[in-house]
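# Breakdown of the fold
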Amino acid sequence: MSQKTLLEEVEQWNPDMCKNELRTVLPKLVSIHCRTESWTEHTRILRIIMDMFLPHLRLSELEEECFSKVLPKVVKVFDNLMEEISGQVSGLSSQNPELTATLRNSLQVMIETLEAVAVCVRHVCNLEGACRLSEVRSVPSCVLYLLKNTFQHCKESEGVYNGRLSLVGDLLQALFKEAYTLQKGLIELLDRVSLDDDASKEEVSDIVTVIHNLLDICSIISSLDMALHANTWKFAIKQCVKHQSLVEEHLRHDDIISCLCDDLLGSLSSCLELAEQITQQGLQPHSPEVKLFQKSTKMCRFFANTLVHYVKEFKDFLFSCSPRFHLLLLQIHSKFPPCLGAPSLTPALTEELRGAVLVAMDALLAQLLNFRPFVETILAEKQSFSGDTALAHCLLLVSVLAQLPSQPQGTLQLWCDGKRYSEETPRLSVFEAVFQSFGRCVLERVWPVRLPGVMLHGQAQSSVSLHQHVCVHLCGCVAALPAPQLPPLERSLLCALLQSDVQTALLATDVWCFLARYGTAELCLHHVLLVVELIKSCPGETPQWNHLSLLLRRMLFLMTPTHQMELLERFPGSMEENACLWGHVLLRSLAPEVRSRLEQELTAMAASVTQDWQQGGCKLGTVDRLNKVLWALRVVVRVEVPEAACTSSVLSILAQLWPRMCAEQVERYRPLRQTLCLLLSLSAGLAKSLEPKTISQAISCLSALLPLTALDDVTLAALEFLAAMGSVFIPPDIQPVVLPRLSAAFGSLLSADSWLLLQHALEAFGIFAEVTNHEEVISQGLTSEESRTRVVNFLSKTVVGMEEHTEARLERLRAEAHTLETHTRALESGQEPPRAITHTPATVTVTPAQGAEEQQELTHTTATTTESQDDSQKSTTLEPCPKRVCQESPGWEEAEGHLQAAEAALKAIQALGGAPPSTDPHSSSSSSSSSSSPLQPPHWLLTRLHQLQTLITLITKQGDQDTSS
């Protein structure tokens, strides 16, 4: 019987005939199928085998008699069909009907092949009882291969057919539909497959291959069909869990996790794009876009929950996946508010996405809290973050803090202790990591971002700053922290406090104060003593010194009166070495008896040091000692009602020191500038109690210094004093001298170029103008239209300039944040950071090697000084002289330069009167003062010139005495 005749005859048989001739005819059909080269005949034979003979084979015979022989040929034919389509598709067009018919025929054969294989799968599924994988081994591999190629072809069809898709579109749809049906049948088949614990290596390998092939299909169909994509993933994970004990050591967990994360992020991105479109267009709830958004949201929820489920089952095999988990959490958090890169959506859409994704991410985080590799990844010492990931990392750590109180001791120790042994992977404690991440969020703190606050007592939930959000969660974790974790917390707080970033230090201060309040009084005392020792060991005024002082100032409020007195007894205010300590405190934080004793000790010490300084000749070498006690004395005058005896003592000190302030010497010597700033601060605190003579002396000194642009520290201190003058009534006898100088001072300061100085000047002028009785100072101080406009805008809170767009403001703040980060890094590395104010005060270092200059006595000044100076009188930076033997005279080689500067200044004064300058290069001040001029010089100028003449006479006499000796 020929092959054709056999096929025609068999097609006429009934089921009984097929059953009777099974052993004879089936091998012949299989043989013909393997030999045939005709695709049509291939499909015909395949249908005969699957429809007519397959139902009569027992389950144990299927693989050996049919599947293992027929299905490989099916795969080969399918490959050939795909190759032919790929080779001929370029010529496809409506003008080439022959090629179109050929390609359509090839697609039709592919569809029929899938239908025949689907019959095979359905038959196995209809068999009663569970089957072993070895009994149908060839089926899954064949079906998965056909599905992968079919779905891939459908996915790439738009590019493959290149605009000619309409010619074969109906067949492609049928092909996809048949593949969809075939996959459903395969899933049903694999559900019936069971593997015992004694399954062979081949069976385990086969099921692992099936799972991995399903993952490959997932990556292909992700953009084709949502339901198919989700069902494929669901079945793949189900198979992993079903055969967990057999396959967990063989699965490619990294690939599975990576695919899940990618699909989750892809679905989330699609949701965000749709949500933005809905928000911008204001679409209605029943629009197609809204329905698609809801479906995409369900996919997000599915992938997020699937990831959590997989991690729960296979966590012990996910050691290398920790960086991917970390990255996923950062990427997801960065797509939601308050991250600045998050899209602007309606609250309803945002909350729907939060419920779908972030809730599952919290569950994922809970699964990973006791997973050491994840902890080491999150708390790695050196991590770089850019853009929104800095805030996302901070929020991730805050989520960790929120969950830590409910964790067992081992998990707490893992997060809180940091690296304990040298063999461990380096990691920070969670507290150190929180402070570091908060420090990186410079832009978010400046913007500022807002986060939901904690709901208390049934009140409406309000939004809070990032600082408050982090602080609340840190304090909540601290409250639940067991005693063994307190030392790591204290180390973290101290490290954060000693950072250069001010806001990070403030956050650490807030948490430390909470710890002091929540703990015992003895713990608070212990911490205060620690801070005190650190303050005393700080090398001068540094950012760390300021941060420690703020913490001490606040913690004193939390101490018991007994412990406050103990602190005072350990560090008495009567000792000069403790001046740097007590200068930080607020006296209202102390108990009455402690405050009274401290005030008395500080004022007595200050009076003693002031007297010693004057009796010692008011030498520059001992000014630093005076400055230390004056700095501590400020706390006495800053209370609302200081004791009368203390006030009287401070006023006496001011009366003694103000006459010693010479404008020229203050300009040249930095220690004297510090003294002047401290006197201004003390005088501002006791402005209402100052003697008229002291007020006149202070105003006169300031009127000579304020025009100098290089004394920013003096300017800032002067503004405090000038603002306090508003509450003082100037006696009539000194008003002609003081009031014009007040007006001139304000006029000069209100025209400052530096925005920082100008802002302080406006604030001081506003305070002065609000309470002063001398209204003429206000009108005369506004010397220019620009100054008047500035003051009016400031008082009316008017913003000058065009309104800045959100994008422009964000870009500007990004640039400023970068500058601030550079400044902070420079401080932490010990380098000199760029100054915010460009005018740098002249710096003079006073050393014992400066010889006679160190020993000179400060000149006793009168109440009048020059209101303005020529540019040639600006200070120059003096370098300290090299060390010399004691008997050697001071270096006079610099005298020539000073004489030339003085000569130029005198000639400039002479030219103001209209007289020609003198040609004698060695002319003295006396000759200048007596030179004739067409204009009569004012009285104050003649007085000042006489003073200069007296100074020249003193210098000449000193030189004569040195020569004779």
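Here the structure is a predicted model, which is why all the values come from computation and not from measurement.

Once that is clear, we can look at the overall build of the chain. Within the chain, the secondary structure is distributed over 44 helices and four strands. By the burial criterion, 48% of the 965 residues in the chain qualify as buried. Here the contacts in the chain between residues at least 6 apart in sequence split such that 76% fall between residues at least 24 apart. Just so you have it, the chain exposes about 46,300 Å², and 53% of that area is on carbon and sulfur atoms.

What follows deals with the packing of aromatic side chains. Evaluation of the coordinates by the stated rule reveals ten aromatic pairs. Clustering of aromatic rings is evident, with ring pairs tying together F151, F176 and Y180.

Let us now look at unusual backbone geometry. The linkage connecting P337 with the following residue, P338, adopts the cis geometry, with an omega of 15°. The topology assignment puts P338 in the loop between α15 (322-333) and α16 (347-368). Look at the link from W447 to P448: it is a cis peptide, with omega at -5°. Tracing the sequence through the fold places P448 in the loop between α21 (442-446) and β3 (450-452). A positive phi angle, near 50°, is found at C618, a position not held by glycine. By the element assignment, C618 lies in the loop between α29 (592-615) and α30 (623-637). Since its relative accessible area comes to 1%, C618 is described here as buried.

The terminal C-alpha atoms of helix α26 (residues 543-555) lie 19 Å apart, and with 13 residues this matches the ideal 18 Å at 1.5 Å per residue to within 8%. For α26, every residue scored as buried is listed here: Q544, W545, H547, L548, S549, L551, L552 and M555. Packing partners of the buried residues in α26 comprise α23 (486-497), α24 (502-518), α25 (521-537), α28 (579-582) and α30.

Mapped onto the secondary structure, H153 falls in helix α7 (residues 138-155). For H153, a relative accessible area of 6% gives the class buried. If sequence neighbours within four positions are ignored, H153 has contacts with M82, I85, L107, V160, Y161 and L172.

On the surface, a nonpolar cluster with roughly 280 Å² of combined accessible area is contributed by L951, L954 and I955. Topologically, L954 is positioned in helix α44 (residues 939-964). By relative accessible area, L954 is classed as exposed at 53%.

Quick look at the packing of α23 against α24 now. Interaxial distance between α23 and α24 falls to 8 Å at its minimum, and their mutual angle equals 145°. Considering the relative orientation of α23 and α24, their crossing is left-handed. Judged by residue contacts, L486, L489, E490, L493, L494, A496 and L497 of α23 engage T504, A505, A508, T509, V511, W512 and L515 from α24. Across the contact of α23 with α24, the residue classes tally to eleven nonpolar, two polar and one charged.

Below, the discussion takes up the side chain of H123. Along the chain, H123 falls in helix α6 (residues 97-126). Here H123 falls in the buried class, since its relative accessible area comes to 12%.

Orientation of helix α13 (residues 253-281) relative to α16, taken along the N-to-C sense of each, is 165°, at an axis distance of 10 Å. One way to sum up the angle between α13 and α16 is to call them roughly antiparallel. The two elements α13 and α16 meet at a crossing, and its hand is left-handed. Of the residues in α16, those in contact with L264, L268, C271, L272, A275, I278 and T279 of α13 are L349, L353, V357 and M361. Of the residues belonging to the contact of α13 with α16, the class tally is ten nonpolar, one polar and no charged.

Attention now moves to helix α22 (residues 466-479). For α22, spanning 14 residues, the distance from its first C-alpha to its last is 20 Å, which sits close to the expected 20 Å at 1.5 Å a residue. Restricting attention to buried positions, one finds in α22 the residues L466, H469, V470, C471, L474, C475, C477 and V478.

This part takes up the pattern of salt bridges. Inspection of every chain in the model, using the stated rule, returns 26 salt bridges. With a shortest N-O distance of 2.5 Å, R58 and E61 are connected by a salt bridge. Look at E61 and you get buried, because its relative accessible area is 11%. Note that E785 is salt-bridged to R788, the shortest N-O span being 2.9 Å. Taken together, the residues span about one helical turn, with E785 and R788 both in helix α39 (residues 785-795) at a distance of three residues.

Turning our attention to the environment of V75. You can see V75 is positioned in helix α5 (residues 59-88). Judged by its relative accessible area of 19%, V75 falls in the buried class. C-alpha of V75 to C-alpha of T113: the two residues are 38 residues apart in sequence and 9.6 Å apart in space.

This part is about the environment of L630. Inspection of the secondary structure puts L630 in helix α30. Under the relative-accessibility criterion, L630 is labelled buried at 0%. Considering only alpha carbons, one finds L630 and V650, 20 residues apart in sequence, at a separation of 9.5 Å. When near neighbours in sequence (up to four residues on either side) are disregarded, L630 contacts I653, L657, T675, L678, L679 and L682.

This paragraph deals with the state of the cysteines. In total, this model carries zero disulfides according to the counting rule given. Summary of cysteine pairing: C120 is not part of a disulfide, and the nearest cysteine sulfur, belonging to C66, is at 6.5 Å. Sulfur of C580: no disulfide; nearest cysteine sulfur belongs to C538 and is 9.1 Å away.

What follows is about the environment of D417. Position of D417 relative to the elements: it lies in the loop between α19 (409-416) and α20 (430-440). Residue D417 is classed as buried on the basis of its relative accessible area, which comes to 14%. A C-alpha to C-alpha distance of 8.6 Å links D417 and P487, two positions 70 residues apart in sequence. The contacts of D417, once residues within four sequence positions are left out, are L412, S429, Q485 and P488. In this structure the side chain of D417 is engaged in a polar contact, spanning 3.2 Å, whose partner is the side chain of Q485.

This part covers a positive patch on the surface. Among the surface-exposed residues, K291, K295, K298 and R301 lie close enough to one another that they form a single positively charged patch. By relative accessible area, which is 33% here, R301 ends up partly exposed.

Moving on: the confidence of the model for the chain. Counting all residues, the mean pLDDT for the chain is 82, and 86% of those residues have values of 70 or more. This stretch, residues 836-891, has a pLDDT under 50; its non-local contacts, to residues over four places away or in other chains, come to 103 contacts. In the model, residues 915-934 has pLDDT below 50 throughout and makes 22 contacts with residues more than four positions away in sequence or in other chains.

About the cut-offs
Residues numbered from 1 in each chain as written. Predicted model: local features only at pLDDT ≥ 70, side-chain atom pairs only at ≥ 80, totals over all residues. Heavy atoms only, no water. Helix = DSSP H or I, 4+ residues; strand = E, 2+ residues; numbered from the N terminus. Buried < 20%, exposed > 50% of the residue type's maximum accessible area, 1.4 Å probe, protein only. Contact = heavy atoms within 4.5 Å. Areas by Shrake-Rupley, 256 points an atom, 1.4 Å probe, with all protein chains shown as cover. Phe/Tyr/Trp six-rings, centres within 6.5 Å; stacked < 30°, edge-to-face > 60°. Expected span 1.5 Å × (residues − 1). Patch = residues over 30% accessible without salt bridge, like charges linked within 9 Å, V, L, I, M, F, W, Y side chains within 5 Å. Salt bridge = Lys/Arg side-chain N within 4 Å of Asp/Glu carboxyl O. Axes fitted to C-alpha atoms, helices over the stretch in contact; angles between N-to-C directions. Left-handed = near helix turned anticlockwise from the far one by under 90°. Nonpolar A, V, L, I, M, F, W, Y, C, P; charged D, E, K, R; others polar. Parallel < 35°, antiparallel > 145°, perpendicular 65-115°, else oblique. Disulfide = S-S within 2.5 Å. Polar contact = N/O pair within 3.5 Å; in protein donor to acceptor, adjacent residues only side chain to side chain. Lys, Arg positive; Asp, Glu negative; His and termini not counted. Charge placed at Lys NZ, Arg CZ, Asp CG, Glu CD. pLDDT = per-residue confidence, 0-100.

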